[in-house]
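Given next are the chains, with one letter for each unit.
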Amino acid sequence: MEIITKPSSSLHPANTSETLEESVTALNRVLELNPEDTTARQTLYETMQKILRKDAFLAYVGETDVNYKVRTFEEFQFIHPKNRAMAELFPPQNSPPAQTATHWLGWAVVGLIPAGLGTLIISPLAMIAAIQLLRQPSEAIDRRRAWIVMIGAFILWLIALVFFFILFLHLA
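Residues numbered from 1 in each chain as written. Predicted model: local features only at pLDDT ≥ 70, side-chain atom pairs only at ≥ 80, totals over all residues. Heavy atoms only, no water.

Chemist: An account of helix H4 (residues 117-135) is needed here, citing residue identities and associated values.
Modeler: Taking 1.5 Å per residue as the helical rise, H4 with its 19 residues ought to reach 27 Å, and the 29 Å between its terminal C-alpha atoms agrees with that figure. Of the residues making up H4, those classed as buried are Gly 118, Thr 119, Leu 120, Ile 122, Ser 123, Ala 126, Met 127, Ala 129, Ala 130, Leu 133 and Leu 134. Where H4 is buried, its residues contact helix H3 (99-110) and helix H5 (140-171). (Helix = DSSP H or I, 4+ residues; strand = E, 2+ residues; numbered from the N terminus. Expected span 1.5 Å × (residues − 1). Buried < 20%, exposed > 50% of the residue type's maximum accessible area, 1.4 Å probe, protein only. Contact = heavy atoms within 4.5 Å.)

Take a look at the structure:
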């Protein structure tokens, strides 16, 4: 069965009869030279549909950032371009700017347990992290978070001061 394909008129003659494998090979060469060639991609997809109708077996061999390497049942290997966005990594590589400040605020809450002694030390660290966040250029949501952390850390520090004062009166 021979099929007439037109991968790219600038690199291949338009009216040559080729087998499906030869068409895919020619389209792979075109896509290696110009990965953004939309006509070659579309023709490759159509040719792949014809190959899959003939034999629906494709085996995954490997991949790069832009291509999959696959083979057919007859051991014909070729590349197929990826047409999808890269998946986001989880957890994200970059932590949000306000994460350090909120982390210290969480520890300040835990520091209330032993009569507020931990909070007296940790809540100023949360305020310092929030101030550092306010000093650098950031989005409005991060600036709001920094203000919330500062106010929360200050309130927790006042509560810890009251707890410490009650502990001091109890011990004296």
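Chemist: So, the sheet that holds strand E5 (residues 77-81): which residues are in play, and what are the values?
Modeler: As summarised here, the arrangement of the three strands in space is E3-E4-E5, forming an open sheet in which the pairing is antiparallel. Both edges of this open sheet fall to strand E3 (58-63) and E5, since each of them pairs with a single strand only. When strand polarity is set aside, the average angle formed by the axes of neighbouring strands in this sheet is 35°. Seen against the sheet, helix H2 (residues 38-54) touches E3, strand E4 (67-72) and E5 and runs at an angle of roughly 130° to E5. (Pairing = 2+ DSSP bridges. Axes fitted to C-alpha atoms, helices over the stretch in contact; angles between N-to-C directions.)

Chemist: If you had to explain a nonpolar patch on the surface to someone new, which residues and values would you point to?
Modeler: Side chains of Trp 147, Ile 151, Phe 154, Ile 155, Leu 158, Ile 159, Leu 161, Val 162, Phe 163 and Ile 166 sit close together on the surface and give an oily, nonpolar patch of about 890 Å² of accessible area. Its location among the elements puts Ile 151 in helix H5. (Patch = residues over 30% accessible without salt bridge, like charges linked within 9 Å, V, L, I, M, F, W, Y side chains within 5 Å. Areas by Shrake-Rupley, 256 points an atom, 1.4 Å probe, with all protein chains shown as cover. Salt bridge = Lys/Arg side-chain N within 4 Å of Asp/Glu carboxyl O.)

Chemist: Before we move on, could you go through unusual backbone geometry and cite the residues and values that matter?
Modeler: Positive phi values are uncommon outside glycine, yet Glu 75 reaches one of about 70°. With respect to the helices and strands, Glu 75 occurs in the loop between E4 and E5. Exposure remark for Glu 75: the relative accessible area of 52% places this residue in the exposed category. Its identity is not glycine, yet Ala 115 carries a phi of approximately 60°, on the positive side.

Chemist: I'd like a description of the nonpolar core, backed by residues and values.
Modeler: Judged by nonpolar contacts, the single largest core of 19 residues is most densely connected at Leu 105, Ala 130 and Val 149. Taken together, the elements giving at least two residues each to this core come down to H3, H4 and H5. Top contributing element to this core by residue count: H4, with eight residues. When sequence neighbours within four positions are dropped, the list of residues in contact with Ala 130 reads Ala 101, Ala 146, Val 149 and Met 150. By size, the runner-up hydrophobic cluster in this structure holds 12 residues, among which are Leu 20, Val 24, Leu 27 and Phe 78. (Core = buried A, V, L, I, M, F, W, Y, C linked by side-chain atoms within 4.5 Å.)

Chemist: Account for the pattern of salt bridges, naming residues and giving values.
Modeler: With the rule as written, the count across this model stands at three salt bridges. Note that Lys 54 is salt-bridged to Glu 21, the shortest N-O span being 3.6 Å. Separated by 33 residues along the polypeptide, Lys 54 in helix H2 and Glu 21 in helix H1 (residues 20-33) bring together distant segments of the chain. A residue is classified by how much of its surface remains accessible, and Lys 54, at 52% relative accessible area, is exposed. Overall, the relative accessible area of 22% leaves Glu 21 in the partly exposed class. When the shortest N-O distance is used, the salt bridge between Asp 142 and Arg 145 registers 3.3 Å. Here the residue Asp 142 and the residue Arg 145 both occupy positions in helix H5, the gap between them amounting to three residues, near one helical turn. The class for Arg 145 is partly exposed, based on a relative accessible area of 38%.

The values reported here are purely geometric and, on their own, carry no functional implication.
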